[in-house]
Amino acid sequence: MGAKKKYSYDIEAQDIDFRRRVSLRSLTNMILMTAGRNATENGFGLLELQEKHYTWVLSRLVVDMERFPTEQDSFSVETWIEYVGIAFTTRNFRMRDGAGTVIGHAKSLWAVIDMHTRRSVPLDTIPTMQQFIVDESVPVDEPGRIANVEGAIANSFTVKYSEIDVNGHVNSLNYVQWLSDCFSLDFYREHYIRRFEINFLKEITYGDRGEVHRQMIAPDDYLFQVETKEKGTACRARIVFFPR
């Protein structure tokens, strides 16, 4: 148990892209695994909540990186809860390389929902969370609301079996994949991701069909909107790049 704890990860072949850098999907996966591991160790993980027919859902996430790890790096993620409100809790992250140098931060907003009604559950149903609050922020803006996107279609999808998680909806990492695939290999040869933000608005489930709209709002700064035929706007996101 620990209100603030660090978790180490090996960089595996499946974690890196063609540039031998950790992909955005893999980095997001390590961040979310860290959240899950820490919540479980502190007594309010996914399995504990599911005994009450509740589950965690990620509402918003913002990641800010000085650089992405490479295949030669060792990598660690430190996490803690900064705030617990009525409906949402804020969890922070600090990323370091093998030399202990801070290479990035992240901030996330989580809610608990009833698995039957799909409605939010007040967080005072998990009173033990209060004892794990750490009054320490990270140098990242709060994950705020992303405005409506007017861009052209850059990707499309139909939700399949492999994209559905234990909560019965599309896993968060598949959204990251859909967004990442809006750019070509040539673009990635010349750009590195600096900042990633995502707002989840509606659940997407098996068989849903949709499109990813992309809008450039400034050089190397893009907004995205995942629009489904069945449910309307499901999420909005932003990716800011470093030019090489």
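Position numbers for residues count from 1 along each chain, tracking the sequence in the order it is written. Reporting of local features is limited, given that this is a predicted model, to residues whose pLDDT is at least 70; pairs of side-chain atoms are given and counted only at 80 or more, and all residues count toward the totals for whole chains, interfaces and linings. For the side-chain quantities, the full set of heavy atoms in the structure was used; hydrogens and water were omitted.

*Asks:* How do you make sense of the packing of aromatic side chains when you look at a structure like this?
*Replies:* Describing an aromatic ring pair means giving the distance of the ring centres and the angle of the ring planes. Only the six-membered ring of Trp is used, alongside the rings of Phe and Tyr, when aromatic pairs are assigned; centres must lie within 6.5 Å, and planes under 30 degrees apart are stacked while those over 60 apart are edge-to-face, with the rest tilted. Tallied over the full model, the rule gives 15 aromatic pairs. Between Phe183 and Tyr188, the aromatic rings sit 6.0 Å apart at their centres with planes inclined by 80°, giving edge-to-face as the arrangement. Using a relative accessible area of 10% as the deciding quantity, one classes Phe183 as buried. Only protein chains enter the accessibility calculation, which uses a 1.4 Å probe. A residue is then buried if its area is under 20% of the maximum for its type, exposed if over 50%, and partly exposed in between. Accessibility expressed as a relative area gives 10% for Tyr188, which makes it buried. A ring is scored as having a charge over it whenever the NZ atom of a lysine or the CZ atom of an arginine sits within 6 Å of its centre and within 35 degrees of its normal. The side chain of Lys4 reaches across the aromatic face of Trp80, ending 4.8 Å from its centre. Over the face of the ring belonging to Tyr192 we find Arg21, whose NZ or CZ atom lies 4.4 Å from the ring centre.

*Asks:* Help me understand the packing of helix α1 (residues 24-41) against helix α3 (residues 172-180) in this model?
*Replies:* If you want to describe how two helices pack, look at the angle between their axes and the distance between the axes. Interaxial angles span 0 to 180 degrees and are taken between N-to-C directions of axes, which are lines fitted to C-alpha atoms, for helices over the stretch in contact. By definition, any uninterrupted DSSP run of H or I lasting at least four residues is a helix, any uninterrupted run of E lasting at least two residues is a strand, and each is numbered from the N terminus. In the contact formed by α1 and α3, the axes pass within 9 Å of each other and the chain directions differ by 160°. One finds that α1 runs roughly antiparallel with respect to α3. As for the relative orientation of α1 and α3, their crossing is right-handed in sense. Within the contact between the two elements, α1 uses Leu24, Arg25, Thr28, Asn29 and Leu32 and α3 uses Ser172, Leu173, Asn174, Val176, Gln177 and Ser180. Along the lines of polarity and charge, the residues of the contact of α1 with α3 split into 4 nonpolar, 6 polar and 1 charged. Between 65 and 115 degrees an angle is taken as roughly perpendicular, under 35 as roughly parallel, over 145 as roughly antiparallel, and anywhere else as oblique. Take the far helix as the reference: if the near one is turned anticlockwise from it by less than a right angle, the crossing is left-handed, and if turned clockwise, right-handed. Contact criterion: two residues are considered in contact whenever any of their non-hydrogen atoms come within 4.5 Å of each other. Residues were grouped as follows: Ala, Val, Leu, Ile, Met, Phe, Trp, Tyr, Cys and Pro as nonpolar; Asp, Glu, Lys and Arg as charged; and all remaining residues, including Gly, as polar.

*Asks:* Would you take a moment to explain the nonpolar core for this structure?
*Replies:* The nonpolar side chains of soluble globular proteins are, as a tendency, buried together. One finds Met95 and Phe196 to be the most contacted residues of the largest nonpolar core, which totals 62 residues. With 7 residues, the top contributor of residues to this core is α1. Setting aside chain neighbours within four positions, we find Phe196 in contact with Leu24, Thr28, Leu61, Val62, Val63, Val176, Leu179, Ala237, Arg238 and Ile239. Of all hydrophobic cores here, the second largest spans 5 residues; its members include Val62, Trp80, Val134 and Val140. Joining through side-chain atoms within 4.5 Å is the link that ties buried Ala, Val, Leu, Ile, Met, Phe, Trp, Tyr and Cys residues into a set, and such a set is a nonpolar core.

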